[in-house]
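# Remarks on the overall topology
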Amino acid sequence: MKIINIKFRKTKKVYPFMINDTENYKKGDYVLVDTIRGEQIGIVLGIALNKENSEQDDLKIREVKRKLSSREVQKLMELDKKADDAYFKCKKIVKELLPEMNLVIGEYTFDESKLIFYFTANNRLDFRELVKEVNRTFKKRVEFYQIKTNDEGRILSAFGKYGREIYW
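Report on the accompanying structure. Along each chain, numbering runs from 1 in the same order as the chain's sequence is written. With pLDDT at 70 or above as the cut-off, local features in this predicted model cover only qualifying residues; side-chain atom pairs require 80 or more to be listed or tallied, and sums for whole chains, interfaces and linings still use all residues. As a convention, hydrogens and water are excluded, and side-chain values are obtained from all of the structure's heavy atoms.

### Some thoughts on the environment of Val-73
Under the convention used in this document: Strands are runs of DSSP state E lasting at least two residues, helices are runs of H or I lasting at least four, and both sets are numbered from the N terminus onward. Per-residue accessibility, obtained with a 1.4 Å probe over protein chains only, is compared with the maximum for each type, and a residue is labelled buried under 20%, exposed over 50%, and partly exposed between these values. We call two residues contacting when some pair of their heavy atoms lies within 4.5 Å.
Residue placement: Val-73 occurs in helix H1 (residues 70-97). Using a relative accessible area of 19% as the deciding quantity, one classes Val-73 as buried. Residues Val-73 and Tyr-30, 43 residues apart in the sequence, show an inter-C-alpha distance of 7.5 Å. The contact partners of Val-73, leaving out residues within four places of it in the chain, are Tyr-30 and Leu-68.

### A few points about the packing of aromatic side chains
Selection criterion: Classification of ring pairs uses Phe, Tyr and Trp, with its six-membered ring standing for Trp, and accepts pairs whose centres are within 6.5 Å; under 30 degrees between planes counts as stacked, over 60 as edge-to-face, and the remaining range as tilted. Think of it as a cone above the ring: NZ of Lys or CZ of Arg counts as a charge over the ring if it is within 6 Å of the ring centre and within 35 degrees of the ring normal.
A complete count under the given rule lists nine aromatic pairs for this structure. Ring plane angle 25° and centroid distance 5.6 Å describe the contact between Phe-117 and Phe-144, whose orientation is recorded as stacked. Here Phe-117, found in strand E7 (residues 114-120), pairs with Phe-144, found in strand E8 (residues 141-146); they are 27 residues apart in sequence, far enough to count as distant. Put simply, the rings of Phe-117, Phe-119, Phe-127, Phe-138 and Phe-144 touch in pairs and so form one group of aromatic residues. Over the ring of Tyr-25 we find Lys-67, and its NZ or CZ is 5.7 Å from the ring centre. Over the ring of Phe-110 we find Lys-75, and its NZ or CZ is 4.5 Å from the ring centre.

### Quick word on the nonpolar core
Note the cut-off: As used in this record, nonpolar core signifies buried Ala, Val, Leu, Ile, Met, Phe, Trp, Tyr and Cys residues forming a set joined through side-chain atoms within 4.5 Å.
With 27 residues, the main nonpolar core has Met-101, Leu-103, Phe-117, Val-134 and Phe-144 as its most contacted residues. When contributions to this core are tallied by element, the ones reaching two or more residues are H1, strand E6 (102-108), E7, helix H2 (128-138) and E8. Residue contributions to this core peak at nine residues, all from H1. Here Met-101 is in contact with Val-94, Phe-119, Thr-120, Leu-125, Phe-127, Leu-130 and Phe-144, once residues within four sequence places are set aside. Residues Phe-17, Ile-19, Val-33 and Val-44 belong to the second largest nonpolar core, which totals 10 residues.

### Some words on the pairing of E8
The condition is simple: At least two bridges found by DSSP between two strands are what make those strands a pair. Orient the strands so they point away from the viewer; a crossover is then right-handed if the path from the first strand over the helix to the second runs clockwise.
Direction of pairing for E7 relative to E8: parallel, over a ladder of six bridges. Pairing of Lys-114 across the sheet is with Arg-141, part of E8. Taking the sense of rotation as the criterion, the β-α-β connection linking E7, H2 and E8 turns out right-handed.

### Topic: the pattern of salt bridges
Formally: Here, a salt bridge means any side-chain nitrogen of Lys or Arg that lies within 4 Å of a carboxyl oxygen of Asp or Glu.
Per the counting criterion, the structure on display carries nine salt bridges. A salt bridge links Asp-29 to Lys-67, with the shortest nitrogen-to-oxygen separation between them at 3.5 Å. On the criterion of sequence distance, the pair formed by Asp-29 in the loop between strand E2 (14-19) and strand E3 (30-35) and Lys-67 in strand E5 (residues 64-67) is long-range, its members being 38 residues apart. The buried category is assigned to Asp-29, whose relative accessible area is 11%. Using a relative accessible area of 27% as the deciding quantity, one classes Lys-67 as partly exposed. Between Glu-129 and Lys-132 there is a salt bridge, with its nearest N and O atoms 3.5 Å apart. With Glu-129 and Lys-132 both in helix H2, this residue pair falls three residues apart, about one helical turn.

As structure tokens, then:
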């Protein structure tokens, strides 16, 4: 069994996934993976390990579904534009209803069934009214995930000493 590291495009988090040996994956390939939040797209960073099937770890590693075609990569670019538009619409709604929420980024799942927004806040928020309004606006399932402020830096490509990108 081969395990590769995959970085998610928006959150920039890296997770291990299993691959079968029939397809060749190389660094920079876009792949479709099944996650808790639905089908999402990741970018191959490289092979992490080559492991024999001798023992099953307690860690449940999911399998990569497939590589994306060039047409699907094009669709991905369109989805990003659509998510950016949704982000700005949602930002206006947030500004009116919950000014203490800092909306960081928005993304669609690959099948466009869900719209996910990531936000930061200093305190717990009651955003039931916000969810109702956002669902009315987008007519789609919308989820909000609170992230840490240092995750915000990673998502927004923060830079450290000498202009180098910071990786967490």
